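Descriptive analysis of the structure
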Amino acid sequence: MDKEDLNSARTNPDFLKYLEKTRLDAISNRDIGALYEVLDSFLVLDLDEDKADEIYQNILKITFEDVEEIILTRKLTLKEKDLFYVRAFYEHAIEKWSYENNKGAKELLFVLLSILDDTALCDALKVHIIALSKEKNIDSFYEEDVNLNASQDDEIYGYFITNFNYDLGKYLEENSDILDKEYKTLKHLLDS
């Protein structure tokens, strides 16, 4: 979308009415996919920041209300509704990290890692947990670890940091003791 298209959408009363109806229906139906659709539209169109925050809070509320059932019964994939749960967990962890709540970020990433059925993303989450264990702030992580120039081969990983400035397998092997220690420290989070 160019600037003119964005402005047109931002001021189109029918589109804005559609977004509001979709938002209300999604909240009522606990549909995080539709909530993310509305949130992404709000962010792209730079609409009401308070309402965007409310939408995001509803996404988190639904996700965390459902997490216990997920932990007890199944693993998440990166397909359909599961992708939105994974995205919400991940974004909330990154948000905590950006506010220097390393412990909270690490706990969320650990739980996500434990309930996720996707090897590539699990390996990337392990890198995040290692960085948090080393008490790196998020800016240092981006500057030192993340390959910002890499293109994403698979669109499904576009919401997540999965490209790094080193050989991932070797890095994980070199830091396996940190991961073992973190697993022992955090495994209580998975106990019911």
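So, here is what we can say about the structure in this document. These numbers were taken from a predicted model, which means no experiment stands behind them.

Next up on the list: the overall build of the protein chain. Helices and strands together make up the secondary structure of the protein chain, namely 10 helices and zero strands. Along the three orthogonal principal directions, the C-alpha set of the protein chain runs to about 55 × 40 × 30 Å. A total of 192 residues make up the protein chain; the buried ones form 44% of that total. Taking contacts inside the protein chain between residues at least 6 apart in sequence as the whole, the part at least 24 apart equals 60%. Accessible surface computed for the protein chain: about 11100 Å², of which carbon and sulfur atoms make up 47%. Both charge centroids of the protein chain, one from 23 positive and one from 43 negative side chains, sit 4 Å from each other.

In this section: a negative patch on the surface. A surface patch of negative charge is lined by Asp46, Asp48, Glu49, Asp50 and Asp53. Relative to the assigned elements, Glu49 resides in helix 4 (residues 49-73).

The subject of this paragraph is the packing of aromatic side chains. Under the definition given, this model contains 11 aromatic pairs. Ring centres 6.2 Å apart and planes at 80 degrees place the aromatic pair Tyr159 and Phe160 in the edge-to-face group. Under the relative-accessibility criterion, Tyr159 is labelled partly exposed at 36%. Assessed through its relative accessible area of 5%, Phe160 is described here as buried. Look at Tyr166 and Tyr171: their rings are 4.1 Å apart centre to centre, the planes differ by 20 degrees, and that puts the pair in the stacked class. Residue class for Tyr166 comes out partly exposed when judged on its relative accessible area of 24%. Site record: aromatic cluster; members linked through ring pairs are Trp97, Phe141, Tyr142, Phe164, Tyr166 and Tyr171.

By secondary structure assignment, the location of Ile130 is in helix 7 (residues 119-133). Assessed through its relative accessible area of 0%, Ile130 is described here as buried. In sequence terms Ile130 and Asp48 are 82 residues apart; their C-alpha atoms lie 37 Å from each other. If we skip the residues at most four places from it in the chain, Ile130 touches Tyr171, Leu172, Asn175, Ile178 and Leu179.

Once that is clear, we can look at helix 10 (residues 176-186). Inspection of helix 10 places Ile178, Leu179, Glu182 and Leu186 among the buried residues, and these make up the whole buried set. Looking straight down helix 10, one finds that the buried residues subtend no more than 95 degrees of arc, so they occupy a single side. Turned more than 90 degrees from where helix 10 packs its buried face, Asp177, Lys181 and Lys184 sit exposed. Those residues of helix 10 hidden inside the fold are in contact with helix 6 (102-114), helix 7 and helix 9 (168-174).

Next up on the list: the side chain of Asp118. Mapping Asp118 onto the fold places it in the loop between helix 6 and helix 7. Among buried Asp, Glu, Lys and Arg side chains, Asp118 stands out as unpaired, with Lys79 the closest opposite charge at 7.9 Å. One polar contact links the side chain of Asp118 to the main-chain amide nitrogen of Leu121, over a distance of 2.9 Å. The contact partners of Asp118, leaving out residues within four places of it in the chain, are Leu78 and Tyr157.

Cut-offs applied
Residues numbered from 1 in each chain as written. Predicted model: local features only at pLDDT ≥ 70, side-chain atom pairs only at ≥ 80, totals over all residues. Heavy atoms only, no water. Helix = DSSP H or I, 4+ residues; strand = E, 2+ residues; numbered from the N terminus. Buried < 20%, exposed > 50% of the residue type's maximum accessible area, 1.4 Å probe, protein only. Contact = heavy atoms within 4.5 Å. Areas by Shrake-Rupley, 256 points an atom, 1.4 Å probe, with all protein chains shown as cover. Lys, Arg positive; Asp, Glu negative; His and termini not counted. Charge placed at Lys NZ, Arg CZ, Asp CG, Glu CD. Patch = residues over 30% accessible without salt bridge, like charges linked within 9 Å, V, L, I, M, F, W, Y side chains within 5 Å. Salt bridge = Lys/Arg side-chain N within 4 Å of Asp/Glu carboxyl O. Phe/Tyr/Trp six-rings, centres within 6.5 Å; stacked < 30°, edge-to-face > 60°. Arc of directions from axis to C-beta. Polar contact = N/O pair within 3.5 Å; in protein donor to acceptor, adjacent residues only side chain to side chain.

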